[in-house]
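Take a look at the letters that make up each chain.
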Amino acid sequence: MTLSLAACGGFGGQQQAAGNTPPSGSSEPNQPAASGSAETVKIRVATSSADGNPMNDLIYYWEEQVDALLPGRVEWENFPNAAVGTEREQIEMVIDGTLDAALVGPSNITAVAPSNAVRLQDMPFLFRSGEELYAAGEEWMNAKINEEGEPYGYTTIFYEYIMGQEIENNRNPIYTPADVKGLKVRSYDSPGPYKFLEACGGLPVSLAFSELYSGLQQGAIDGVYTTTSNYVPHKLVEVCKYHTKLEITSLGMTMMFSLNSLNSYPQDVQDALFEAGRLTEKYCQEVVSPQTKAKTYDEIAAAGVEINEVTDEQYEVFVKLIEDYCYDDLREEVGPELWDFCVEWLENYRTNH
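Residues numbered from 1 in each chain as written. Predicted model: local features only at pLDDT ≥ 70, side-chain atom pairs only at ≥ 80, totals over all residues. Heavy atoms only, no water.

### What to know about the overall build of the protein
At step 1: Summing up its helical and strand segments, the protein has eleven helices and eleven strands in all.
At step 2: Considering only contacts within the protein whose residues lie at least 6 apart along the sequence, 76% involve residues at least 24 apart.
At step 3: For the protein, the accessible area works out to roughly 14400 Å², and carbon and sulfur atoms hold 47% of it. (Helix = DSSP H or I, 4+ residues; strand = E, 2+ residues; numbered from the N terminus. Contact = heavy atoms within 4.5 Å. Areas by Shrake-Rupley, 256 points an atom, 1.4 Å probe, with all protein chains shown as cover.)

### Digging into the pattern of salt bridges
At step 1: This model, assessed by the stated rule, comprises 13 salt bridges.
At step 2: A salt bridge links Arg 128 to Glu 316; the shortest N-O distance between them is 3.8 Å. Of the two residues, Arg 128 sits in the loop between α4 (116–119) and α5 (130–149) while Glu 316 sits in helix α10 (residues 312–334), which places them 188 residues apart along the sequence. (Salt bridge = Lys/Arg side-chain N within 4 Å of Asp/Glu carboxyl O.)

### As for helix α6 (residues 191–200)
At step 1: When we look at burial in α6, the residues that qualify are Gly 192, Pro 193, Phe 196, Leu 197, Ala 199 and Cys 200. The arc that holds every buried residue of α6, seen down its axis, measures 160 degrees, which confines them to one face.
At step 2: Next to the buried residues of α6 lie β5 (165–169), β6 (184–187), β7 (203–205), β8 (223–227), β9 (242–249) and α10.
At step 3: Phi for Gly 201, located one or two positions after α6, is positive at around 85 degrees. (Buried < 20%, exposed > 50% of the residue type's maximum accessible area, 1.4 Å probe, protein only. Arc of directions from axis to C-beta.)

### Looking at the sheet that holds β8
At step 1: Strand order in the open sheet formed by six strands is β7-β6-β8-β5-β9-β11, and the pairing between neighbours is mixed. The two strands at the open ends of the sheet, each matched to only one other strand, are β7 and β11 (306–309). For this sheet, the mean angle separating the axes of adjacent strands, direction not counted, is 30 degrees.
At step 2: As paired elements, β6 and β7 share three bridges and run parallel to each other. (Pairing = 2+ DSSP bridges. Axes fitted to C-alpha atoms, helices over the stretch in contact; angles between N-to-C directions.)

### Notes on the sheet that holds strand β10 (residues 253–258)
At step 1: Reading across from one edge, β2-β1-β3-β10-β4 is the order of the five strands in this open sheet, with mixed pairing throughout. Each having just a single partner strand, β2 (74–79) and β4 (154–160) make up the two edges of the open sheet. Strand after strand, the sheet turns through a mean of 20 degrees between neighbouring axes, direction not considered.
At step 2: The sheet contact formed by strand β1 (residues 41–47) and strand β3 (residues 101–104) spans three bridges and is parallel. Considered in β3, the bridge of Thr 47 is made with Leu 103.
At step 3: Sheet strands touched by helix α1 (residues 54–69): β1, β2, β3, β4 and β10. Its angle to β2, the strand with the most contacts, is close to 170 degrees.

### A short note on the packing of α5 against helix α11 (residues 336–352)
At step 1: At a minimum axis distance of 11 Å, the contact between α5 and α11 shows a crossing angle of 120 degrees. Pair α5 / α11 crosses with right-handed handedness. Listed contacts from α11 to Glu 131, Glu 132, Ala 135, Ala 136, Glu 139 and Trp 140 of α5 are Leu 338, Phe 341, Cys 342, Trp 345, Leu 346, Tyr 349 and Arg 350. (Left-handed = near helix turned anticlockwise from the far one by under 90°.)

### Observations concerning unusual backbone geometry
At step 1: Look at Asn 81: it is not a glycine, yet its phi comes out positive at around 60 degrees.
At step 2: Structurally, the position occupied by Asn 81 is in the loop between β2 and α2 (87–96).
At step 3: On the accessibility criterion, Asn 81 (49% relative accessible area) is partly exposed.
At step 4: At Ala 82, a position not held by glycine, the phi torsion is positive, near 55 degrees.
At step 5: Mapped onto the elements, Ala 82 comes out in the loop between β2 and α2.

### Focus on the environment of Thr 280
At step 1: Its place among the elements puts Thr 280 in helix α9 (residues 267–302).
At step 2: A sequence separation of 221 residues divides Thr 280 from Ile 59, and the C-alpha atoms of the two residues are 8.4 Å apart.
At step 3: Sequence-distant contacts of Thr 280, defined by excluding residues within four places in its chain, comprise Leu 58, Tyr 61, Trp 62 and Phe 158.

Note that every value here comes from positions in space, so none of it alone points to a role or purpose.
Here it is as structure tokens:
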């Protein structure tokens, strides 16, 4: 399915409102609640993350904000730790309406409901910080993702950009691409991490997240490529020796919401979900992300994992390798017009910040 970039006003020509907004047919957040609407709704929310993970904490924070806006109006049913299936299964359930919402990663969204704007988040070294992602999201990217998601029956309520994606492994420290050569690294199924590993001579391995601990313990894999905040709560630090402090991709988790479910709710509930989402993004960016970054590396080191931090010069070696190896291919996959717009936007953003 091809979607015209012009639908977003040329992306930068006329900016969408900051953050996420209700899909067409819903009123904007902060509008008065529909009068006389007092029915209680049940909302089922799933995630693959275990409780104790800051990503799950933000789900509960969002629910608390909804409850503060509309006390007693929503009955929550949470399914953490992949209780109802894998992320891809959760996405399929959101799309068909058997699940109302799920916190999922970009790569799994694109596997079920292709979205070029979502793919941009998973390109190695394209976005180099959560700050860049938040800014892009507020100015144009969130609106484009929602536009591409609507035909599949979903919208997005909020995003969680906490930490980037890095590698832990059991064989050797990583400071250069040559240090990755020959490593069997479990990566989620996405072109970005696969291209990174291939460019460095590593061996991407497909393995369910629930099997990572035993895979590392038994030597089926040498390492893991995942979000850095996952390593401690999922106990991967117990079965890894080296952590490479090299933010390869900067992507967040997306709270997908079924449009069928959303459109069945009273208007004041819809409005509260989006307003609480806006508050959650702000809280994540200003409080949770800085706090998590500050403590995560300390916790990784305290678990006995050696942290290897690349220098600026070593970082640029990785960047140049990836740009030469796969950026032309990734540009074609995402679409030249969208890719070029994003690159130009990033250049302007970095110049002004």
